[in-house]
Structures are given as structure tokens and as C-alpha cells.
Amino acid sequence: MHRLGSLVKKTVFRVGFGSAAVGAKQGVSEKTTTRLMSQAVDRPESEVLVSSSFGSQSIWKERLEEAGLTVRLPGEDVSKVEVAIVFNPPQGVLEPCMNLKAVQSLGAGVDFMMEDPTIIAKNVPLMRIVDPLMAERMSTFCVWAVTNIQRKCDAYYEAQMDCRWDKSVENYKNIDNKDVRIGVMGLGVMGNHVAKTLSMLGYPVRGWTRTPKDSRAFGEKVQLYHGDEQFVDFASNSDIVINLLPLTPQTKGILNSRLFDAMPRGGAVMNLARGAHLVADDLLDALERGQLEAAVLDVFVKEPLPPTCPFWKHPKIRVFPHMSSVTDIPNGVEQILRNRSLILSNKPLPPGVQAHVDVGY
């Protein structure tokens, strides 16, 4: 049996300090609100469209209206809409916006924009939220998930539910951080932070990207791999793989049997990027064969995840509702108004905000 051991059938997540819309109950500070409203009324005739499938559309609408914007929803009059604020909207929803000047994502991801030809056809800047705390939140989630697998917390919980004092869960020996090799796929803002955080905790960390990265940005504690020719070597040296890649045609389906079979037997996979990165049947097969012993999934091709999906009740899979790292609404409102003001005044956007259609993210 692999040194990480197998997971048990039950788990629990009792501790929670937020919701799917972090900051939903918080307001923007009075000073910030005053400044943002002054930006909003620079062009009072310029309206915005909000469309989100994430479940917080009404909250964003309310907060943006509080900040002074006129907000439209899909199906309403969009003749004065110049900026669309969206997250995974229905394809074609922006087509009626004839005066569109920019599209703003409500999160760090922009892949849904790249997949909608009606958005690409607008030929306007595509913008993302850049929030350093989102990377910190992602790292916190990854530290929990790695620890949960490493220390067999699920098995301890099952023992608790059985009122069983069981010191044999870890075979009377803790697995040290130095003995758990972590592989991070994707070293952008999120992946970089996760890799550095785990390496500082003593985990041997490998990082894989499609193209080469400057090793000086990661230090000696993160071993870098790149390209297809180094992919199998990366996988074979990773006990737990964490996927944080952007979704592009090249990375779609990259979490497949080739990766799983190259990993050490009994490893684990965490998909925290996009659902389409994962080949579901390959994962289920690897878990059934014992090639993988655990999976943590936070993103899915169809969200919300249908009740009929086998992931829900699989004893080796942990399902989360796309919440490993979400946008803080007050901070997001501030960034949206800033970006809108810059777009309407033809000024440059801050570094990292604008997505690039040619590379897909």
C-alpha cells in the first residue's frame, strides 16, 4: 500500500468561516464608497450589465448599485451598457450589447469568455479580478486538503463516529511533510502562491507548466518541469497533484489516465481550476483500480453538480461547490469600478488585469 494510505468512506467539514460570496454581508467602507461613487458618476449615462451563474448575481447587482452604477440584467434594455460584468454567463447573452467597450470577469478566470464566440467577436478588452488574497485563500484550502490526505483525517472522523479510540489509523507513525511530494500544475498567481506556501511548510514541491518558467521566481525549493516531454517525469515524482492550470484547448482533459498512471500508486489528485480539465471516467477508473486513493474536486463541467453525478457519494472523492477561493465582493466592486473608469477614459489597465485571447487566458 502506498505510504499515503487509503481514504475511508466518511468525512466531514465542520469549520467554515465564509460563504460562496465572501464579503456578501460586508459593505465597502464609507471612504471607499464615496470615492467609487465619484468614479461611477463620471459617466452616469454609461450602464453595466451583470450576468453570473455563480449564484451571487443579485448580491453583485445590489453592491454595484450602492456604488452608484446603473445595472441591467439579461433580458433588459442594454442599449446604454458599455461594460459587462459576468461570470460564466449563458453564451450569447452579450450579443445585444451594441455599445460594449469591455467585459469584466467576476473572478480570476476568463476561460468562459474565450469559449463564447459572441464575446470574442466584440473585440473589446477582457478583464479579470486580481486579488492577492484569492491566492492566499487557495493556498489555505490546499494546505487543508493535503493535510487531510496526509494525516488520514477522514479515517479519524469515522473512528470518532464509531466512538472508537483508534491510534492505528496512521499505523502508529505520522507521515512527515518531507515525505509527501506535491506537484502543482500551473504556476500563475494562484499556483505560484500554493507552491511557495507548501514548500515553506517543508513539502518537496514540483511545478509543471506548458512553457518554461524562470526558476529565479521560485527559488530552490520548487523544482520546475515544463512541456509534454517532462510531463510524465513530473507526474512520477508527485504523490499529490494540484491542478491550477488555466483552461485552454491545450489543457482541456489534461487530468486523464496518462497522468494518473504515471503517478506513484496510491496518490491523490486535486482539481481546483476548471471542470473540463478532468476526464471523469479516467478518474473513476483510477480510483477503482487503486492507482489513485483520493480526489478533491472543487470545479465541474456542469455547475451546480447534478445530483445524479457519481462523484457525490464516491467514498474516495470529496466534492466542494466551487469555493476553494472566491472573490471578496467589496474588493471586487472596487476593482470593477476602477477598471470601468480606466476603460471609459481610455487609460491603461493595471498589470495582469487584461486577458489575452491569443494565449487563451
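As the structure is a prediction and not an experimental result, all values here were calculated from the model.

1. Quick word on the overall build of the chain
Item 1. A tally of regular secondary structure across the chain gives eleven helices and twelve strands.
Item 2. Expressed as a percentage of its 361 residues, the buried residues of the chain come to 51%.
Item 3. Restricting to contacts in the chain with at least 6 residues of sequence separation, those with at least 24 account for 67%.

2. Some words on the side chain of Asn 148
Item 1. Mapping Asn 148 onto the fold places it in helix H5 (residues 132–150).
Item 2. Given a relative accessible area of 7%, Asn 148 falls into the buried group.

3. Considering helix H11 (residues 329–344)
Item 1. In a regular helix each residue adds 1.5 Å, so 16 residues correspond to 22 Å; H11 covers 22 Å between its end C-alpha atoms and thus fits that length.
Item 2. Burial runs high along H11: twelve of the 16 residues are buried.
Item 3. Buried residues of H11: Ile 329, Pro 330, Gly 332, Val 333, Gln 335, Ile 336, Leu 337, Asn 339, Arg 340, Leu 342, Ile 343 and Leu 344, and no others.
Item 4. The first or second residue beyond H11 is Asn 346, which carries a positive phi of 60°.

4. Description of helix H6 (residues 153–161)
Item 1. By the burial criterion, the buried members of H6 are Asp 154, Ala 155, Tyr 157 and Ala 159.
Item 2. Contacts made by the buried residues of H6 are with H5 and strand E12 (317–319).
Item 3. Phi for Cys 163, located one or two positions after H6, is positive at around 55°.

5. Remarks on the confidence of the model for the chain
Item 1. Mean pLDDT over the chain stands at 89; residues scoring 70 or higher make up 88%.
Item 2. Per-residue pLDDT stays below 50 along residues 6–28; that stretch engages in 50 contacts with residues further than four places along the chain or on separate chains.

6. Remarks on the sheet that holds strand E5 (residues 126–127)
Item 1. Read across the open sheet, the five strands follow the order E2-E1-E3-E4-E5; overall the sheet is parallel. Every interior strand has two partners, whereas the edge strands, strand E2 (71–72) and E5, have only one.
Item 2. Sitting on the sheet, helix H2 (residues 57–66) is in contact with strand E1 (47–52), E2 and strand E3 (81–87), with an inclination near 160° to E1.

Conventions used here
Residues numbered from 1 in each chain as written. Predicted model: local features only at pLDDT ≥ 70, side-chain atom pairs only at ≥ 80, totals over all residues. Heavy atoms only, no water. Helix = DSSP H or I, 4+ residues; strand = E, 2+ residues; numbered from the N terminus. Buried < 20%, exposed > 50% of the residue type's maximum accessible area, 1.4 Å probe, protein only. Contact = heavy atoms within 4.5 Å. Expected span 1.5 Å × (residues − 1). pLDDT = per-residue confidence, 0-100. Pairing = 2+ DSSP bridges. Axes fitted to C-alpha atoms, helices over the stretch in contact; angles between N-to-C directions.

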